[in-house]
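# Remarks on the overall topology
Chain residues, written in single-letter form:
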There are 2 protein chains.
Amino acid sequence: MPIAFDLPPAARPGQPADTIDTPSLVLDLDLFAANVDRMQAAADRRGIKLRPHAKAHKCPDISLAQIARGAVGICCQKVSEAIPFVRAGVRDIHISNEVAGPAKAALLADLARLATLSVCVDDIAQVDALAAATAAAGSKLGVFVEVNVGQGRCGVTDPAAMLALVERIAQHGQLTMRGLQAYHGGIQHLRGWNERRDGAAQAADRTGSFIARLNAAGVRCDVVTGGGSGSVEFDLGSGVYTEIQPGSYVFMDADYGANDYAGALRFEHSLFIATSVMSVAAGDRVVVDAGLKSMAVDSGLPWIWADGKQSATLDYVAANDEHGIVKPKHEDLVGKLPALGSRMMLVPGHCDPTLNLYDEIVGIRAGVVESVWPVSARGLSR
Amino acid sequence: MPIAFDLPPAARPGQPADTIDTPSLVLDLDLFAANVDRMQAAADRRGIKLRPHAKAHKCPDISLAQIARGAVGICCQKVSEAIPFVRAGVRDIHISNEVAGPAKAALLADLARLATLSVCVDDIAQVDALAAATAAAGSKLGVFVEVNVGQGRCGVTDPAAMLALVERIAQHGQLTMRGLQAYHGGIQHLRGWNERRDGAAQAADRTGSFIARLNAAGVRCDVVTGGGSGSVEFDLGSGVYTEIQPGSYVFMDADYGANDYAGALRFEHSLFIATSVMSVAAGDRVVVDAGLKSMAVDSGLPWIWADGKQSATLDYVAANDEHGIVKPKHEDLVGKLPALGSRMMLVPGHCDPTLNLYDEIVGIRAGVVESVWPVSARGLSR
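Residues numbered from 1 in each chain as written. Chains lettered and ligands numbered in written order. Predicted model: local features only at pLDDT ≥ 70, side-chain atom pairs only at ≥ 80, totals over all residues. Heavy atoms only, no water.

Each helix and strand counted, chain A has 10 helices and 18 strands in total. Against the 2.2 N^0.38 benchmark of 21 Å for 382 residues, chain A shows a C-alpha radius of gyration of 22 Å, consistent with a compact globule. The principal-axis extents of the C-alpha atoms in chain A amount to approximately 70 × 60 × 35 Å. Split into buried and exposed, the 382 residues of chain A put 60% on the buried side. Counted over contacts in chain A with a minimum sequence separation of 6, partners at least 24 positions apart contribute 69%. Accessible area for chain A stands at about 13,500 Å²; split by element, carbon and sulfur atoms hold 51% of it. (Helix = DSSP H or I, 4+ residues; strand = E, 2+ residues; numbered from the N terminus. Rg over C-alpha atoms; globule rule 2.2 N^0.38 Å. Buried < 20%, exposed > 50% of the residue type's maximum accessible area, 1.4 Å probe, protein only. Contact = heavy atoms within 4.5 Å. Areas by Shrake-Rupley, 256 points an atom, 1.4 Å probe, with all protein chains shown as cover.)

Structure, rendered in C-alpha cells:
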C-alpha cells in the first residue's frame, strides 16, 4: 500500500516572509522588478535589444516578466533547458552554446517546430549535424557563428574559419546564418570597473574585426549577440553589439556584488537564501541549516544580509553538505551570536548553480509571501 | 493550448552505455555491489551494525540494496529527505542531525507514525520542541544526544550538558533516549592513513569518556552511532561504536579517492559523470558539456577516468556553469586531444552535493544500461 505522506510546501502566498520554511530561496519582488526595469531601460536608451539569459534563473515566470517589459526573447545554454520555456509560451529562444551529438541536434530540430530557435556553431561538423536533424524534422533553425573574443573557450579564433562556417551554413536550406555570438565570460568578474571597461573594449575590438571580415566578404550579419551582467554597461555603448544577453542582473549574487561599480548601471541584491540556526552548542559559533546542498560555493561563500547590507557582526565561514558555520567577525561579539531557531538571510556567492538546486523561488513583497514560482528548468543540463 | 513536448529519457534499460545522453550520472553496478558487500562484511566481522547514510545518494533503490545485504536501517540528514525513503519502504531511519523550528519538529513527529525514527539533540529547547510535536501527533521518537568529539560543529562538549539532555528526554513519555551520536566529519578527508587512524582514535577516546559519564550516572546507552567512509575502518575496531553510518563508500568520489588507504578496507570508484566534447575550436584544449550544474566542485575538480584509472594524458582544469575545460597534461599531447563529439567519464570530486544535482542514476553493467533509479530525495534539504 503506498504511503500517503507529502512534504508541506515551504511557503504559501499570504504568509509572513519570516515563517517560510528553511532553507528556501527567496526573491524580493520589488528589488527584482527594479533590476528588470533598469536593464531594459539601459538597453532601450541605446536602441540595443535585450535577450536575457535564462540559465541564471531557469524560471519561466522570470522570462515572461522580462519579455513583458520589452525583452525580445531569451537565451538558454542547453537544448533541454529551453523546453519548459517553450511550454510556458516563450517563442524566441537562442541557445547560446554549441550542441554535441545527434540526440541533441534532433531534440533542437524538433523543438524548432514550436518556436523560433537559434544555436551557436564553431565547427563544420556541427553545421552538418544541425542540417541533417532539421531536414529530418522538417524545421528551420537560426545559426550563429561563435567567435572567440578572448575567453578561449568556445568559438573560432581565425576569421577564415568563421567564413568557412558561414559558407557551410549557406549550403543548407533549413539553416539561416543569423549573425555572430561574441561573449567573453572571463571579464565579467574582473573586480575593477576600469579593468572591466578595458576588457570589454578589447572584446569589442575583436568582435569588430570579425564583423569587418564578414562585411568585406559581403556576408549579411543582422545580429551580434553577447555581453553579461559584468560587462553590459560597456557592451551597450560599444557600437558592435545589436543585442545583449545578461542573466544574473535580476538577482546580483555576491560574486557580482564584489565587483566595483563606478558607472551609472547598478543592480540590487534581490535573491536570498532563508536559513535557520539549528545548533548553538559550540558556543563560539552557530550552525545554520543551509550548506552545500542549498548554495553553490564555487565563486565564494554567501554573505549574511541584514538591514539591506552585509552583516557587520557575522560571517558565514564554512559550508558542509547540510550545515553552514557562522562565526562572529570579532571575538568580543561571541556573546551576541544569534539564538537557536533564529533566522538569517544569505546572499549566495553564485546565482546560476544555486538556482539549479531549488524547485521553487518564493517571491516576497513588504514582508509577505506573494508568489511561489517553479524553477522548471532545474536540472535540465542536457 | 498546452505544448506536448517531453524531454526524451537520457537512457533506457538495454541500450549501450556509450549512447547515454550527456551529461548523465552513471553507476557501475558491479563496482557498486562490491562496495556494498565489502562494507557490510567489514561490519559483520566486528559485530557492528551498519546504518548507511542516505545523504550521499538520496536514492531509495540504493538504501533498499544495502538493507537487503544486512544494513539495519539508514541515516538521513534532513527530515524532508526521509520522506521518499519511508515511501519506498524503509522503516528505520535515524535523522543524524538537529532539527530547528516547530514546522520540522511537526513533520518529524508526523513521519514517526509511519516508521521508526530517531533524531539528534544538543539543546534542551530541541527536546521540548520534539516532545510537544510528538504529543500533538501521538507518535514516539528515539532521541540521540549528539556529543562533540572534535569537529566543533553540532553536539555538546560538556558531559554535564549531555546529562542534562538525558534527564530532559526522560521527562517526556513520547521520547526515548536511544544513545549517543559521535561523528567527526573533520577527520574523514585527512589524506594520510596514519593521520586518520590517530584522528579516529582521539574521537573514540572522547566518545569513550562521554560513555563513561553516562555509565557512572546509571544511564542506559544502547547505541553509539557515528563514523564516515574515511574513518570507518578504525571506528569498527574502536570498541566504542555499536553502529556505523558511512555513506560515500558506495561511490568513492575523487576526494575520498585522494585519501591514502594503507589498511585492508578499500572501495572502488563506481560513480561517474558521462560527458561529451562539445567544442574543439580552441585547439589547445577541448570543452565538455559537464560543468558546475553537473557536479559539485567544493572538494576539487573531477578526475578524468579511462581504462579503470585516472587519465594519464588529460586533466579537467576548470568548471564553468555549463562547460568543463579539458587540457592535455603536457603540451606535446595537444595533438592527441579527443575529437568533437567523443565521450569521457569523470569521477566527481564530491559525491553528496553532486547526487543532489541529478534526478536519475543510470546503472550500467558490462557496457549496457540495466537500471534507471530516481534520486527521489534530490533537493529535499528542509
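Okay, empty space enclosed by the protein next. Taken as a whole, this structure holds 8 cavities of 30 Å³ or more when the rule is applied. Of the pockets and cavities examined, the largest cavity occupies roughly 170 Å³. Ala296 and Val297 of chain A together with Met295, Ala296 and Val297 of chain B are the residues nearest the centre of the largest cavity, which is lined by 14 residues in total. Grouping the constituent residues of the lining of the largest cavity by class yields 12 nonpolar, no polar and 2 charged. (1 Å grid on protein atoms, 1.4 Å probe; cavity = no way out; pocket = protein on both sides within 12 Å on 5 of 7 lines; lining within 4 Å. Points joined across faces, edges and corners; volume = space filled by probe spheres on them. Nonpolar A, V, L, I, M, F, W, Y, C, P; charged D, E, K, R; others polar.)

Next up on the list: the pairing of strand β1 (residues 24-28) of chain A. All names here are of chain A. Burial analysis of β1 places 4 of its 5 residues in the buried class, which makes it a mostly covered element. As defined by bridge partners, β1 adjoins strand β10 (residues 271-279) across 4 bridges and the pair is classed as antiparallel. Of the residues in β10, the one forming a bridge with serine 24 is alanine 274. (Pairing = 2+ DSSP bridges.)

What follows deals with the sheet that holds strand β8 (residues 223-226) of chain A. Adjacent strands of a sheet form backbone hydrogen bonds with each other and so pair up, either parallel or antiparallel. Residues and elements named next belong to chain A. Ordered by their spatial adjacency, 8 strands build an open sheet running β2-β9-β8-β7-β6-β5-β4-β3, and the pairing between neighbours is parallel. In this open sheet, the two edge strands, each paired with only one partner strand, are β2 (49-50) and β3 (74-76). Of the strand pairs in this sheet, β2 and strand β9 (residues 243-244) are connected by 2 bridges, and their pairing is parallel. Bridge pairing links leucine 50 to isoleucine 244 in β9. Across the sheet, helix α3 (residues 79-87) lies against β3 and β4 (92-95), angled at about 170 degrees from β4, the strand it touches most. (Axes fitted to C-alpha atoms, helices over the stretch in contact; angles between N-to-C directions.)

Here we come to unusual backbone geometry. All names here are of chain A. A cis amide bond links threonine 22 with the next residue in sequence, proline 23, at an omega value of -10 degrees. We note that lysine 58 has phi near 60 degrees; this positive angle belongs to a residue other than glycine. Note that lysine 58 resides in the loop between β2 and α2 (60-68). On the basis of relative accessibility, which here comes to 1%, the residue lysine 58 falls in the buried class. In this structure, alanine 366 is a non-glycine residue whose phi angle is positive, near 50 degrees. By secondary structure assignment, the location of alanine 366 is in the loop between β17 (360-365) and β18 (368-374). For alanine 366, a relative accessible area of 76% corresponds to the exposed category.

Residue and element names in this part refer to chain B. With 24 residues, helix α7 (residues 193-216) extends 34 Å between its outermost C-alpha atoms, agreeing within 8% with the 34 Å of an ideal straight helix rising 1.5 Å per residue. The set of residues buried in α7 consists of Trp193, Arg196, Gly199, Ala200, Ala203, Ala204, Thr207, Phe210, Ile211 and Leu214. Looking at the buried side of α7, the elements it contacts are α6 (159-170), β7 (175-181), β8 (223-226) and α8 (232-235). (Expected span 1.5 Å × (residues − 1).)

A separate point is the sheet that holds strand β4 (residues 92-95) of chain B. Residues and elements named next belong to chain B. With parallel pairing, the 8 strands of this open sheet are ordered in space as β2-β9-β8-β7-β6-β5-β4-β3. Of all strands in the sheet, those with a lone pairing partner are β2 (49-50) and β3 (74-76), marking the two edges. Both strand β5 (residues 116-121) and strand β6 (residues 141-146) contribute to a ladder of 4 bridges, which runs parallel. Looking at β6, one finds that serine 118 is bridged to glycine 142. In this fold helix α3 (residues 79-87) packs onto β3 and β4, with an angle of close to 170 degrees to the strand it touches most, β4. Sitting on the sheet, α7 touches β7 and β8, and the angle it makes with β7 is about 145 degrees.

The subject of this paragraph is the packing of helix α4 (residues 102-111) of chain A against helix α5 (residues 124-137) of chain A. Residue and element names in this part refer to chain A. Two numbers describe how α4 lies on α5: the axes approach to 8 Å, and their chain directions differ by 45 degrees. Classified by the angle between their axes, α4 and α5 sit oblique to one another. When you trace α4 past α5, the crossing you get is right-handed. Contacts between α4 and α5 pair Ala105, Ala106, Leu108, Ala109 and Asp110 from the former with Ala129, Leu130, Ala133, Thr134 and Ala137 from the latter. Split by residue class, the contact of α4 with α5 holds 8 nonpolar, 1 polar and 1 charged. (Parallel < 35°, antiparallel > 145°, perpendicular 65-115°, else oblique. Left-handed = near helix turned anticlockwise from the far one by under 90°.)

Turning to the nonpolar core, a few remarks are in order. Side chains of nonpolar character tend, in soluble globular proteins, to be buried together. Among the nonpolar cores identified, the biggest contains 93 residues, and Ile361 of chain A together with Ile361 of chain B are the most heavily contacted of them. When sequence neighbours within four positions are dropped, the list of residues in contact with isoleucine 361 of chain A reads Leu25, Leu27, Cys59, Ile62, Leu355, Ser371, Val372, Trp373 and Val375 of chain A. (Core = buried A, V, L, I, M, F, W, Y, C linked by side-chain atoms within 4.5 Å.)

With that settled, consider the packing of aromatic side chains. All names here are of chain A. According to the stated counting rule, one finds 10 aromatic pairs over all chains in the structure shown. Ring centres 6.4 Å apart and planes at 15 degrees place the aromatic pair tryptophan 303 and tryptophan 305 in the stacked group. The pair formed by tryptophan 303 and tryptophan 305 is uniform in burial state, with each residue classed as buried. Every member of this aromatic cluster is reached through a ring pair, and the members are Phe272, Trp303 and Trp305. Across the ring face of tyrosine 261, the terminal group of arginine 196 is positioned such that the distance to the ring centre comes to 4.9 Å. (Phe/Tyr/Trp six-rings, centres within 6.5 Å; stacked < 30°, edge-to-face > 60°. Lys NZ or Arg CZ within 6 Å of the ring centre and 35° of its normal.)

It is worth stressing that arrangement in space is one thing and function is another; only the former is reported here.
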